[in-house]
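# Examining the three-dimensional arrangement
Spelled out, the chains give:
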Amino acid sequence: MTKPYFGRLLTAMVTPFNEDGSINYAAGADFAEWLLANGSDGLVVEGSTGEAATMNMDEKIKFMETIVKRVNGRAKIVAGAGTNCTASTIELAQKMEACGADGLLVVGPYYNKPTQEGYYQHFAAVAKATKLPIIVYNVPGRTGGNIAPATIARLAKDFSNIVAVKEAAGNVAQTAELYRVLPDDFSIYSGDDGLILPFMSVGACGLISVLGNVNGKILQELMTAYSEGRVKDAADINKRMVPQAKAMFVESNPIPIKAAVTKVTGINAGAPRLPLTPISAAGEAVLDAALKEAGLVK
């Protein structure tokens, strides 16, 4: 099992919005506080779950500064800093570094569909432009391309500030290959809540989580049980966790999790920005049933 560079459970936090669609910065700071008190070791801010794609640069800077100020060094803050333009990614990475982020989550360029050499050169350019440690984010379902383990191993060898991968290809065999080819001190994070148990069995050290927005505690319990060798306990906890994780994707992320945050935490996360829409009645029924079964709401 690899070392968790940023902590074992990083929650990809949602960005709360007001009724008019503007960012609710005060609610964001309060929510960061809630997350740290409820299982999160660190936070990923302004990732896809945080709706970074619909935030402008001024909003990104102000929101990051707000979270950094509230957390005040008590936990690691990783900034989502990925775009499908290398120059724009570098600009965003440098601005997030100036805001005080502790690390960067950089997604593989989406839509462009680079070659493996293109992926390498993209991440190499970003790594050269920042001092912050970088998590490579591989999510073929959203980007249209897969970053091969050999490419990540090459990056890890050549750049000391490329320290981790968020692996969200949904492929246990690929995760096992990552563990085989990467250095022992390189962190492999699962990008899927529902796959954390099998991923840990082949070398993953932790999780960058959506479900952590409402139930980080069950994820910590699961990972603790497995790491202590209580495999049957971990499987039993996983059996309770997986339906919760699935419910958070009954519609496109972060539609369900934003609704869940409002229901569970008492902090109003607001509706997502277009092109995402509020959760449907059918989706909400599935979500409510899962939250009630988990004991997260009455």
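Use the structure listed above.
Anyway, here's the lowdown on the structure attached to this text. Computed from a predicted model, the values in this text were never measured in an experiment. Along each chain, the written sequence defines residue order, and numbers are assigned to residues from 1. Confidence filtering applies because this is a predicted model: local features only for residues at pLDDT of at least 70, side-chain atom pairs given and counted only at 80 or more, and all residues used for totals across whole chains, interfaces and linings. To get the side-chain values, take all heavy atoms of the structure and skip hydrogens and water.

## Quick look at the overall build of the protein chain
Put simply, the test is: Secondary structure elements follow DSSP: runs of H or I no shorter than four residues count as helices, runs of E no shorter than two count as strands, and numbering proceeds from the N terminus. Think of it in three bands: with a 1.4 Å probe and only protein chains considered, a residue is buried below 20% of the maximum accessible area for its type, exposed above 50%, and partly exposed in between. Using a 1.4 Å probe, accessible areas were evaluated by the Shrake-Rupley method; residue-level cover was limited to the displayed protein chains. When charges are counted, Lys and Arg are positive and Asp and Glu negative, with His and the chain ends excluded. Where a charge sits is defined by one atom per residue type, namely NZ (Lys), CZ (Arg), CG (Asp) or CD (Glu).
Tallying secondary structure elements over the protein chain gives twelve helices and eight strands in all. Projecting the C-alpha coordinates of the protein chain onto the three principal axes gives extents of approximately 50 × 45 × 35 Å. A total of 298 residues make up the protein chain; the buried ones form 55% of that total. Accessible surface for the protein chain amounts to roughly 12100 Å². Of this, 52% is attributable to carbon and sulfur atoms. The positive charge centre, built from 28 side chains, and the negative charge centre, built from 29, are 2 Å apart in the protein chain.

## Thoughts on helix 9 (residues 212–227)
Going by this rule: Each residue after the first adds 1.5 Å to the expected span of a helix. Working definition for bend: take the seven residues up to and ending at a residue and the seven starting at it, fit an axis to each, and measure the angle between the axes. Should any heavy atoms of two residues lie within 4.5 Å, those residues are counted as being in contact.
The terminal C-alpha atoms of helix 9 lie 19 Å apart, and with 16 residues this falls more than 12% below the ideal 22 Å at 1.5 Å per residue. For helix 9, the principal kink sits at isoleucine 218 and spans about 35 degrees. In terms of residue burial, helix 9 counts as a mostly covered element, since twelve of its 16 residues are buried. Residues of helix 9 that are buried include every one of Gly212, Asn213, Val214, Asn215, Gly216, Ile218, Leu219, Gln220, Leu222, Met223, Ala225 and Tyr226, and no others. Elements that come into contact with the buried residues of helix 9 comprise strand 1 (9–12), helix 1 (25–37), helix 8 (196–201), strand 8 (206–209), helix 10 (231–247) and helix 11 (255–265). Directly after helix 9, the chain includes glycine 229, whose backbone phi takes a positive value near 85 degrees.

## With respect to the side chain of asparagine 253
To be explicit about the condition: A 3.5 Å cut-off defines polar contacts: any pair of N or O atoms within that distance qualifies, except that in protein one atom must be a possible hydrogen donor and the other a possible acceptor, and neighbouring residues in sequence count only when both atoms are side-chain atoms.
Along the chain, the position of asparagine 253 falls in the loop between helix 10 and helix 11. Within the local environment of asparagine 253, its side chain forms a polar contact with the side chain of threonine 49, the two groups lying 3.0 Å apart. Setting aside anything within four residues of it in sequence, one finds asparagine 253 in contact with Thr49, Arg142, Val210 and Leu276.

## Here's the deal with the environment of arginine 70
When you line up the elements, arginine 70 lands in helix 2 (residues 57–71). C-alpha of arginine 70 to C-alpha of alanine 245: the two residues are 175 residues apart in sequence and 28 Å apart in space. Residues in contact with arginine 70, not counting those within four places in the same chain, are Ala29, Asp30 and Glu33.

## Quick look at the packing of aromatic side chains
Convention followed: Only the six-membered ring of Trp is used, alongside the rings of Phe and Tyr, when aromatic pairs are assigned; centres must lie within 6.5 Å, and planes under 30 degrees apart are stacked while those over 60 apart are edge-to-face, with the rest tilted. A positively charged side chain is recorded as over a ring if its NZ (Lys) or CZ (Arg) lies within 6 Å of the ring centre. The angle to the ring normal must also be within 35 degrees.
Here the structure, examined in full by the defined rule, presents four aromatic pairs. Measuring from ring centre to ring centre gives 6.2 Å for phenylalanine 31 and tryptophan 34, while their planes differ by 20 degrees; the resulting arrangement is stacked. Highlighted residues: phenylalanine 31 and tryptophan 34, both in helix 1, separated by three residues, approximately one helical turn. The class for tryptophan 34 is buried, based on a relative accessible area of 19%. We note arginine 154 situated over the ring of tyrosine 120; from NZ or CZ to the ring centre the distance is 3.5 Å.

## Regarding the sheet that holds strand 8
The line we're drawing: Only strands joined by at least two bridges in the DSSP assignment are considered to pair. Fitting a line to C-alpha atoms yields each axis, with helices limited to the stretch in contact; the angle taken between N-to-C directions then spans 0 to 180 degrees.
Overall, parallel pairing links the eight strands, which are arranged 1-2-3-4-5-6-7-8 in a closed barrel. Neighbouring strand axes in the sheet, compared pairwise and without regard to direction, differ in orientation by 25 degrees on average. Sheet analysis places strand 2 (residues 42–45) next to strand 3 (residues 76–80), joined by four bridges and oriented parallel. Its bridge partner lying in strand 3, leucine 43 is registered against isoleucine 77. Each of strand 5 (134–138), strand 6 (162–167) and strand 7 (187–190) is contacted by helix 7 (residues 172–181), which is oriented at about 165 degrees to strand 6, the strand it contacts most.

## Some details on the pattern of salt bridges
For clarity, the cut-off: By salt bridge we mean one thing: a side-chain nitrogen of Lys or Arg within 4 Å of a carboxyl oxygen of Asp or Glu.
Throughout the structure, instances matching the rule amount to 13 salt bridges. Arginine 273 is paired through a salt bridge with glutamate 59; the nearest N and O atoms lie 2.8 Å apart. Separated by 214 residues along the polypeptide, arginine 273 in the loop between helix 11 and helix 12 (281–293) and glutamate 59 in helix 2 bring together distant segments of the chain. Here arginine 273 falls in the buried class, since its relative accessible area comes to 15%. Judged by its relative accessible area of 14%, glutamate 59 falls in the buried class. Residues arginine 180 and glutamate 177 are paired through a salt bridge, measuring 2.9 Å at the closest nitrogen-oxygen approach. With arginine 180 and glutamate 177 both in helix 7 and three residues apart, this pair spans about one turn of that helix. Glutamate 177 sits in the partly exposed class, given a relative accessible area of 28%. One network of salt bridges, in which partners are shared, links Asp30, Glu33, Arg70 and Arg74.

## Here's the deal with helix 12
Basically, it comes down to this: Directions drawn from the helix axis to the C-beta atoms are what define this arc.
Look at helix 12: 18 Å from first C-alpha to last across 13 residues, which is about the 18 Å you get at 1.5 Å a residue. When we look at burial in helix 12, the residues that qualify are Gly283, Leu287, Ala290 and Leu291. Down the axis of helix 12, the sector holding all buried residues measures 100 degrees, keeping them to one side. When the buried face of helix 12 is taken as reference, the exposed residues oriented beyond 90 degrees from it are Ala281, Ala282 and Glu293.

## A look at the packing of helix 11 against helix 12
Test applied: When describing relative orientation, an angle under 35 degrees is termed roughly parallel and one over 145 degrees roughly antiparallel, while 65 to 115 degrees is termed roughly perpendicular and anything else oblique. Rotating anticlockwise by less than a right angle from the far helix to the near helix defines a left-handed crossing, while the corresponding clockwise rotation defines a right-handed one.
Running from N to C, helix 11 and helix 12 cross one another at 50 degrees; their axes reach a closest spacing of 11 Å. When the axis of helix 11 is compared with that of helix 12, the two are oblique. Once helix 11 is placed against helix 12, the crossing between them reads as right-handed. Contacts between helix 11 and helix 12 involve Pro256, Ala259, Ala260, Lys263 and Val264 from the first element and Glu284, Leu287, Asp288 and Leu291 from the second.

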